[in-house]
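Residue-level structural notes
For reference, the chains in residue letters:
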Amino acid sequence: KKLPPGPTSLPLIGNIHQLVYYSWKEKGVVKAFDYFRQTYGDVFTLWMGPLPHVSICDYETSQEVFVKNGNKYKDRFLPPIFLHVSENLGLVAANGDVWAEMRRFTLLAFRTMGVGRDLMEERILNELNARCAEIDADAINGKTVVQTTEFFDLTVGSVINSVLVGKRFDDSNKEEFFKLKHLLDSGAELFTIFDLTVPVWFLKKFCPGRFARIVELQEEIVNFVSREARERFEKVQSGEHTLNHEDPQDFVEAYLVKIEEEKEKGNAKMYTMDCLKHVIGDLWLAGQDTTATTLVSGFNQLVNNPDVIEKCRKEIMRITENGSRPLGLKDRAETHYLNATIAEIQRHASILNVNFWRINHEPTTVKGYPVDSGCMITAQLGALHVNNDIFKDADKFYPERFIENEKLINQVIPFGIGKRSCVGENIARSELYMMIGNLILRYDIKSHGPLPSTADTLPYSSGKIPDKTVKLEFIKL
Ligand code: HEM
């Protein structure tokens with residue numbers, strides 16, 4: 001096969017042994033990818049058993065492949081068990097026409113609901129105000145000790161729930177949220193790389209108990225998340241709820257309106273309750289943990305770098321006339337240092353150690369290398385963000401790098417790139433800006449006890465997980 005360079009592969013196992021060895025030697029998957037990048041260049045091939053996987057570790061080539069030639073790379077490589085559960089419906093674990101239609105609809109619905117603008121700002125600020133009121137009520141001499149993961153999990157969970165089904169989590173339903181988090185955590189513990197690679201028939205035949213548990217858990221999660229949608233649909237059917245066609249206030253309402261419109265056109269094939277269940281499940285799952293994890297990782301970095309907090313606060317105070325008003329999304333044009341800090345937080349948090357793979361359906365050329373069809377290809381975000389040729393002293397937390405070189409910020413791509421990039425990017429960017437900026441404006445934030453580690457707690461897995469046991473002190477300013 002014609003492919004970019006990479007280590008010599010063995011029959012059957014390919015380069016798996018080298019990946020395992022260098023992950024162990026370099027102390028993590030991202031470091032192993034970085035080793036291969038330094039040895040073979042920004043584009044390299046690793047054979048995972050019989051399948052070649054091409055990783056791209058620089059921005060220019062990623063842009064060339066996934067944006068300029070984006071139409072060729074719309075199909076995500078999906079583990080068989082994912083496809084079995086999703087039935088190729090929804091956004092994350094789907095390819096083809098239904099995925100394309102759902103993605104178009106989601107982006108449009110978000111835009112109509114004010115994502116990236118004042119309406120989204122209001123939702124986030126309302127949520128933050130409610131959480132800060134809780135922190136303030138618990139304060140002793142102006143200081144509250146906060147379990148960061150719980151705080152951001154609930155705050156972000158509430159924002160996404162309010163966008164999707166119009167409900168935040170408060171004292172009356174907090175328990176529901178933690179029940180869902182518990183389900184998700186047990187899902188993460190249950191899944192292994194084995195389940196993601198073997199065919200469904202193999203799991204069914206040789207591990208029937210395990211197969212049943214995985215499917216049951218996935219269904220439990222999706223049903224839990226989509227319960228509100230089902231209930232509203234039933235109320236529409238019984239006449240108890242009238243849909244707001246002009247100005248739907250949440251995603252479910254917008255989707256139910258679309259179902260009616262499509263039915264009237266005699267075109268009820270794509271917009272179904274079954275598909276809504278998967279779309280909403282995907283938006284919930286992809287939108288909650290990613291953003292909360294970035295915030296936890298970010299605050300672990302910030303308390304280790306109090307000078308950065310100070311510089312951000314000075315800038316925010318100036319822009320908000322000494323904190324006489326909250327920081328808003330329109331301030332983004334002026335908060336250069338805060339923007340740089342968030343970019344540096346996202347570069348370090350870079351939540352995927354191994355990005356999702358796309359299928360290369362036809363022969364092509366990548367950075368001058370001919371690439372045959374039938375391989376997997378991706379912008380390897382984790383390795384791209386630690387590329388020392390792009391980000392000097394990449395291990396260092398140094399927001400100033402984006403002030404010294406303004407164009408560098410465009411090379412931070414935590415939301416991926418191209419046709420399968422994150423659909424929640426605007427929501428997530430708004431949340432990160434509003435939450436980080438306004439918390440720094442309201443509180444002096446310090447570690448409660450020793451400074452948290454900023455290292456990845458699971459460097460050998462496909463996701464990057466920061467230290468989630470940290471407690472912070474929020475001291476009201
Ligand atoms: C800081 C927060 C977030 C980060 C870092 C992040 C990152 C990503 C990445 C790297 C991808 C895969 C890109 C690829 O395959 O190349 C992705 C996909 C996706 N994200 Fe996010 N995400 C975040 C927040 C959100 C939010 C808030 C939502 C929902 C409201 C969301 C929904 C999705 C969905 C549905 C996909 C699949 C898109 C598709 O396949 O068409 N994400 N995200």
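For the structure given in this document, a descriptive report is provided here. (Residues numbered from 1 in each chain as written. Predicted model: local features only at pLDDT ≥ 70, side-chain atom pairs only at ≥ 80, totals over all residues. Heavy atoms only, no water.)

**Concerning the layout of surface pockets**
In this structure, the second largest pocket encloses a volume near 520 Å³. Along the wall of the second largest pocket there are 24 residues; nearest its centre are His-348, Thr-454, Ala-455, Asp-456 and Lys-464. Of all the elements in the fold, those that place two or more residues in the lining of the second largest pocket are α2 (29-40), α14 (273-304) and α16 (336-349). Split by residue class, the lining of the second largest pocket holds nine nonpolar, nine polar and six charged. (1 Å grid on protein atoms, 1.4 Å probe; cavity = no way out; pocket = protein on both sides within 12 Å on 5 of 7 lines; lining within 4 Å. Points joined across faces, edges and corners; volume = space filled by probe spheres on them. Helix = DSSP H or I, 4+ residues; strand = E, 2+ residues; numbered from the N terminus. Nonpolar A, V, L, I, M, F, W, Y, C, P; charged D, E, K, R; others polar.)

**Observations regarding the sheet that holds strand β7 (residues 375-379)**
Across the sheet, which stays open at both edges, the four strands sit in the order β1-β2-β7-β4 with mixed pairing between neighbours. Edge strands, defined here as strands with exactly one partner in the open sheet, are β1 (43-48) and β4 (358-360). Pairwise comparison of adjacent strand axes, ignoring direction, gives a mean angle of 35° for this sheet. As paired elements, strand β2 (residues 51-56) and β7 share four bridges and run parallel to each other. The residue of β7 that forms the bridge with His-53 is Met-376. Sitting on the sheet, α2 is in contact with β1 and β2, with an inclination near 125° to β1. Here helix α3 (residues 59-68) sits on the sheet and contacts β1, β2, β4 and β7; the angle it forms with β7, its principal contact strand, is near 125°. (Pairing = 2+ DSSP bridges. Axes fitted to C-alpha atoms, helices over the stretch in contact; angles between N-to-C directions. Contact = heavy atoms within 4.5 Å.)

**Thoughts on the coordination of the iron atom of the ligand**
Only one protein atom coordinates the iron atom of the ligand: Cys-422 (SG), located 2.3 Å from the metal. Mapped onto the fold, Cys-422 is located in the loop between α18 (401-404) and α19 (425-442). (Donors = N, O, S within 2.8 Å, 3.2 Å for Na, K, Ca; no water.)

**Things to note about helix α15 (residues 306-319)**
End to end, α15 covers 20 Å across 14 residues, agreeing with the expected 20 Å (1.5 Å per residue, within 8%). The inward-facing, buried residues of α15 abut α14, α16, α19 and β8 (443-447). Positive backbone phi, approximately 45°, marks Glu-321, located one or two places after α15. (Expected span 1.5 Å × (residues − 1).)

**Looking at a nonpolar patch on the surface**
A cluster of nonpolar side chains, Leu-10, Leu-12, Ile-13, Ile-16 and Val-20, forms an exposed patch at the surface whose accessible area comes to about 490 Å². Relative to the assigned elements, Leu-12 resides in the segment before α1 (16-26). What makes Leu-12 exposed here is its relative accessible area of 79%. (Patch = residues over 30% accessible without salt bridge, like charges linked within 9 Å, V, L, I, M, F, W, Y side chains within 5 Å. Areas by Shrake-Rupley, 256 points an atom, 1.4 Å probe, with all protein chains shown as cover. Salt bridge = Lys/Arg side-chain N within 4 Å of Asp/Glu carboxyl O. Buried < 20%, exposed > 50% of the residue type's maximum accessible area, 1.4 Å probe, protein only.)

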